[in-house]
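Fold and contact review
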Amino acid sequence: NAGVTQTPKFRILKIGQSMTLQCAQDMNHNYMYWYRQDPGMGLKLIYYSVGAGITDKGEVPNGYNVSRSTTEDFPLRLELAAPSQTSVYFCATSKGGSVYEQYFGPGTRLTVT
Amino acid sequence: GQNIDQPTEMTATEGAIVQINCTYQTSGFNGLFWYQQHAGEAPTFLSYNVLDGLEEKGRFSSFLSRSKGYSYLLLKELQMKDSASYLCAVVEGGATNKLIFGTGTLLAVQP
């Protein structure tokens, strides 16, 4: 099992460009999350999903969009990239409920210049 | 508001014991996680506490006091590979399992 995979690993964007960060899981987990991690800061929740067709905003959703058409995939869309979106992005999954640990993908390191 | 505090950095010696503290003030509480994150890698699960007391798992133990809004992670018999960031994260509450993360404690283990 691959667990949680993310593509790409690295990306450099110019200001105003758009891109989609891909996240896929083969763990059959209903819950999926997108976080960003800035240097010296904790992870901040961007969006999350509790199942296919259901998404909701986290702490820092501005400038991002998500969709969840299948259990396996949870892409994160950046429209009109800005330097403030330079960060490391982690996708995570969990079986659901507050007692379950989250499993993180390897991350995507994004630079916007 | 939501606030989770951890020391920014700690240094310890190989073979020793180190305690990493975490204090929190959150609008809801449904448990507390500790994650380990090596440089350039993803966080990985270490422990979960929802009831007061100590949870032991090999060289790692985690303690929770809900009334004090306080937790600590205890690492025994430190090894060089334990050099990493340790993230304290509080479950905000409800069924969504949303985590509020602290900024992490960077632990350096020296020979």
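Residues numbered from 1 in each chain as written. Chains lettered and ligands numbered in written order. Predicted model: local features only at pLDDT ≥ 70, side-chain atom pairs only at ≥ 80, totals over all residues. Heavy atoms only, no water.

It is worth spelling out the packing of aromatic side chains at this point. Centre-to-centre distance and the angle between the planes together describe a pair of aromatic rings. Evaluation of the coordinates by the stated rule reveals 16 aromatic pairs over all chains. Among the aromatic side chains, those forming a connected cluster through ring pairs are Y33, Y35, F90 and F104 of chain A together with F33, Y35, F45, Y48 and F101 of chain B. If you follow R68 of chain A out to its NZ or CZ, it ends over the ring of F74 of chain A, 5.9 Å from the centre. (Phe/Tyr/Trp six-rings, centres within 6.5 Å; stacked < 30°, edge-to-face > 60°. Lys NZ or Arg CZ within 6 Å of the ring centre and 35° of its normal.)

Time to look at the nonpolar core. All names here are of chain B. Core analysis: the biggest nonpolar cluster contains 21 residues, and I4, L32, W34, L75, L78, Y86 and L107 have the highest contact counts within it. Secondary-structure elements contributing two or more residues to this core are β3 (18–25), β4 (32–37), β7 (60–65), β8 (70–75), β9 (84–91) and β11 (105–110). Dropping the residues within four chain positions of it, L75 is found in contact with A16, I17, V18, I20, R59, F60, D82, Y86 and L107. (Core = buried A, V, L, I, M, F, W, Y, C linked by side-chain atoms within 4.5 Å. Buried < 20%, exposed > 50% of the residue type's maximum accessible area, 1.4 Å probe, protein only. Helix = DSSP H or I, 4+ residues; strand = E, 2+ residues; numbered from the N terminus. Contact = heavy atoms within 4.5 Å.)

The next subject is the sheet that holds β3 of chain B. All names here are of chain B. Strands sit in the order β1-β3-β8-β7-β6 across an open sheet of 5 strands; the sheet is antiparallel. Pairing within the sheet leaves two strands with one partner each, and these edge strands are β1 (3–5) and β6 (53–57). Pairs of neighbouring strands in the sheet enclose a mean axial angle of 15°, with direction left out of account. (Pairing = 2+ DSSP bridges. Axes fitted to C-alpha atoms, helices over the stretch in contact; angles between N-to-C directions.)

With that out of the way, let us pick up the interface of chain B and chain A. Taken together, the contact between chain B and chain A spans 20 residues of the former and 23 residues of the latter. Where chain B abuts chain A, roughly 1700 Å² becomes buried across the two surfaces, and 56% of that area is made up of carbon and sulfur atoms. For the pair chain B and chain A, the interface holds 0 salt bridges. Put simply, chain B and chain A have 2 residue pairs in polar contact (both at pLDDT 80 or more) between them. (Buried area = accessible area lost by both parts, 1.4 Å probe. Salt bridge = Lys/Arg side-chain N within 4 Å of Asp/Glu carboxyl O. Polar contact = N/O pair within 3.5 Å; in protein donor to acceptor, adjacent residues only side chain to side chain.)

We now examine the sheet that holds strand β7 (residues 64–66) of chain A. All names here are of chain A. In spatial order, the strands read β1-β3-β8-β7; together these 4 strands make up an open sheet with antiparallel pairing. The open sheet terminates on both sides in strands that have one partner only, identified here as β1 (4–7) and β7. When strand polarity is set aside, the average angle formed by the axes of neighbouring strands in this sheet is 20°. Sheet topology note: the strand β3 (residues 19–25)/strand β8 (residues 76–78) ladder contains 3 bridges and is antiparallel. Within β8, the residue paired with T20 across the bridge is R77.

Scope: geometric values only; no functional claims are made or implied.
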